[in-house]
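Understanding the architecture of this molecule
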Amino acid sequence: VQLQASGGGLVQAGGSLRLSCAASGGTFSSYAVGWFRQAPGKEREFVAGISWSGDSTYYADSAKGRFTISRDNAKNTVYLQMNSLKPEDTAVYYCAVRKSILHGSVYYTRSYDYWGQGTQVTVSS
């Protein structure tokens, strides 16, 4: 599975961005997908996740109420709508695919099998 993350950019605090994660290869519609982010000097952290069907979604506390994850399996794409952005949201955002629930919780980086290249999000104050 190849993943291509896009949609990052520079935005003022309070603004919005929509990230996209487009997949090719594999059976994308069968896999859970997660968004993670990594700020300079910090570990990669979970932001949001979605089940293969889209019926279940998961959010970090920092994302609840501001971010929404969704997917369109017909387009092999997962989205992360980010509203009310804050300077502390500045990071490189990565999408990742978890092939099997047996690989672990959606909240952990080690559960994922494939990663995209990341897209930079910068929020100015």
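Quick summary incoming for the structure in this document.

Definitions and cut-offs
Residues numbered from 1 in each chain as written. Predicted model: local features only at pLDDT ≥ 70, side-chain atom pairs only at ≥ 80, totals over all residues. Heavy atoms only, no water. Helix = DSSP H or I, 4+ residues; strand = E, 2+ residues; numbered from the N terminus. Rg over C-alpha atoms; globule rule 2.2 N^0.38 Å. Buried < 20%, exposed > 50% of the residue type's maximum accessible area, 1.4 Å probe, protein only. Contact = heavy atoms within 4.5 Å. Areas by Shrake-Rupley, 256 points an atom, 1.4 Å probe, with all protein chains shown as cover. Lys, Arg positive; Asp, Glu negative; His and termini not counted. Charge placed at Lys NZ, Arg CZ, Asp CG, Glu CD. Pairing = 2+ DSSP bridges. Axes fitted to C-alpha atoms, helices over the stretch in contact; angles between N-to-C directions.

Some remarks on the overall build of the chain
For the chain, the helix and strand inventory stands at zero helices and 11 strands. Reading the chain from its N end, one meets helices and strands in the order β-β-β-β-β-β-β-β-β-β-β. The C-alpha radius of gyration computed for the chain amounts to 13 Å, which stays within 12% of the reference 14 Å derived for 125 residues, consistent with globular compactness. Principal-axis analysis of the C-alpha atoms gives the chain an extent of 40 × 25 × 25 Å. A total of 125 residues make up the chain; the buried ones form 43% of that total. When contacts within the chain are restricted to residue pairs at least 6 apart in sequence, long-range pairs at least 24 apart make up 55% of them. Surface accessibility of the chain: about 6,300 Å² in total, with carbon and sulfur atoms responsible for 46%. Distance between charge centres in the chain, computed from 12 positive and 8 negative side chains, equals 2 Å.

Some details on the side chain of Ser51
Assignment of secondary structure puts Ser51 in the loop between strand E5 (45–50) and strand E6 (57–59). With residues near it in sequence (within four places) discarded, Ser51 still touches Tyr31, Ala32, Ser56, Tyr58 and Arg71.

A few points about the sheet that holds strand E3 (residues 17–24)
If you trace the four strands from one edge of the open sheet to the other, you get E1-E3-E8-E7, paired in antiparallel fashion. The sheet is open, and its two edges are formed by strand E1 (2–6) and strand E7 (67–72), each paired on a single side. The sheet shows a mean angle of 15° between the axes of neighbouring strands, direction not considered. As paired strands, E1 and E3 are joined by five bridges and run antiparallel to one another. Paired with Ser6 across the strands is Ser20, a residue of E3.

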